[in-house]
Amino acid sequence: MKKNILVTGGAGFIGSHVVRRFVNRYPDYHIINLDALTYAGNLANLSDLEASDNYTFRKCDITNISEVETLFKEFKIHSVIHLAAESHVDRSITNPIDFVMTNVVGTVVLLNAFKQYGEAVEGRFYHVSTDEVYGTLGDEGKFTESTPYDPNSPYSASKASSDHFVRAYHETYKLPVVISNCSNNYGSHQFPEKLIPLMIHNIKNNKPLPVYGKGENVRDWLWVEDHASAIDVIFHKGRLGETYNIGGNNEWKNLDLVHKLCEIMDRKLGRSEGKSAELITFVTDRAGHDFRYAIDASKLETELGWSPSVAFDQGFEKTIDWYLENEVWLEGVTSGAYQSYYSNHYDHR
Ligand code: NAD
Ligand code: TDX
């Protein structure tokens, strides 16, 4: 009998990498991908898995209690890997309620369904979270697993709240849970509202490159496949009730990163040196913009033996190539609703 592993948010950016990894590596698992297919979910991200006999897709909103419970009753769910979320900080500033609904209420609906109908004796509930719950750093220091929570955006407040509910289910009901908090991911299939694919798309189309504030904010970038490999290790070997930080040890100031991207794009598009960087435009800063994130991932590295597999130069180049080679994907997700999102968000800045 295959074990039924429920992955939520599997049609999104990170979720699609996790689903592909688990379907291909673990033939003894039946991976059930539950996703509401919001603007960020795209089944084209997983078209290569359609014929796999250990993969099933179910369209379902995690806030819908009866549909979630029906799914848990239909499949005896051994374990959950929970990635479904509203994930974009800027959208959380305009629509915080959507973030409370999916990230907080949706997580509790899943925890409750797993408690009632899941195989909570053998299996586990793995909650995928973010380093943004820790708030912001100054020039020095890194987030560790014991850094106090101090979220600043509606997005990070909703993820912090969901983390607390996961812990509370562990303490109160002894639910077997594990949590990870990861830094910024980059790679293929990321929705072009996020910094890197948005800038690639704009450079290609000769549109302004909107850098918030002075571009001095710092992020720690990890290749998405390395996040998926960390999730694999933590899912299988992480100690129950524990939190693991995941990071790339790879800090970049936003402006430096955009300049690096422009240089590579000039080379790949056959443009003269400096041409793409002329598109850089400084725009009004994000409200409550966290200055710096940096992760201390030593617990994961020493306890579970994980480390990133790809150097940033290599992963970044691969990522850029993917967006250039997958024009149909990029144009598909930037037509329609994306246009009105883009103009509402950027036209007045
Ligand atoms: P994403 O926005 O690309 O994908 C989210 C997925 O969740 C989509 O497929 C969407 O359709 C689905 N979804 C949204 N609301 C839903 C609902 N109510 N019911 C069912 N499905 C729903 O997000 P991502 O960047 O892949 O992030 C995945 C997870 O990883 C999130 O929990 C996020 O907080 C976390 N995370 C992301 C990053 C990052 O850099 N992107 C870093 C650390 C942690
Ligand atoms: O147009 C832009 N201009 C700009 O300067 C955008 C979209 C972003 N930025 C800046 C803001 C951030 O400092 O770039 C940095 C990265 O921005 P995002 O790609 O929006 O990511 P961030 O806000 O750091 O959050 C991401 O990492 C943690 C993910 O979106 C979260 O889901 C994850 O939890």
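Trainee: Give a detailed account of the side chain of His289, specifying residues and quantitative values.
Mentor: Secondary-structure assignment places His289 in the loop between β12 (280-283) and α9 (298-304). Separated by 3.3 Å, the side chains of His289 and Asn217 make a polar contact. Apart from residues lying up to four places away in sequence, His289 is in contact with Tyr212, Asn217, Arg219 and Asn254.

Trainee: Explain the site of ligand 1 to me, and be specific about the residues and the numbers.
Mentor: Taken together, 28 residues are adjacent to ligand 1, and Ile14, Asp35, Ser87, Tyr155 and Lys159 come closest. Taking Ile62, its main chain carries an N or O atom lying 3.0 Å from a nitrogen atom of ligand 1. Between an oxygen atom of ligand 1 and a side-chain N or O atom of Ser87, the distance comes to 2.6 Å. Elements that contribute at least two residues to the shell around ligand 1 include exactly α1 (13-25), β5 (125-130), α5 (154-173) and β7 (184-186). By residue number, the principal contributor to the shell around ligand 1 is β5, which donates three residues.

Trainee: Break down the site of ligand 2 for me, with residues and values.
Mentor: Near ligand 2 you find 21 residues, and of these Glu132, Tyr155, Arg286, His289 and Tyr346 are the closest. Between an oxygen atom of ligand 2 and a side-chain N or O atom of Asn184, the distance comes to 2.8 Å. The contact in question runs from an oxygen atom of ligand 2 to an N or O atom on the backbone of Leu195, over 2.8 Å. About the coverage of ligand 2: the protein hides 94% of its 650 Å² of free accessible area. In terms of residue count, the dominant contributor to the shell around ligand 2 is strand β8 (residues 209-212) (three residues). Across the shell around ligand 2, the residue classes break down as nine nonpolar, seven polar and five charged.

Criteria and cut-off values
- Residues numbered from 1 in each chain as written.
- Chains lettered and ligands numbered in written order.
- Predicted model: local features only at pLDDT ≥ 70, side-chain atom pairs only at ≥ 80, totals over all residues.
- Heavy atoms only, no water.
- Helix = DSSP H or I, 4+ residues; strand = E, 2+ residues; numbered from the N terminus.
- Polar contact = N/O pair within 3.5 Å; in protein donor to acceptor, adjacent residues only side chain to side chain.
- Contact = heavy atoms within 4.5 Å.
- Near = heavy atom within 4 Å.
- Areas by Shrake-Rupley, 256 points an atom, 1.4 Å probe, with all protein chains shown as cover.
- Nonpolar A, V, L, I, M, F, W, Y, C, P; charged D, E, K, R; others polar.

By themselves these figures say nothing about function.
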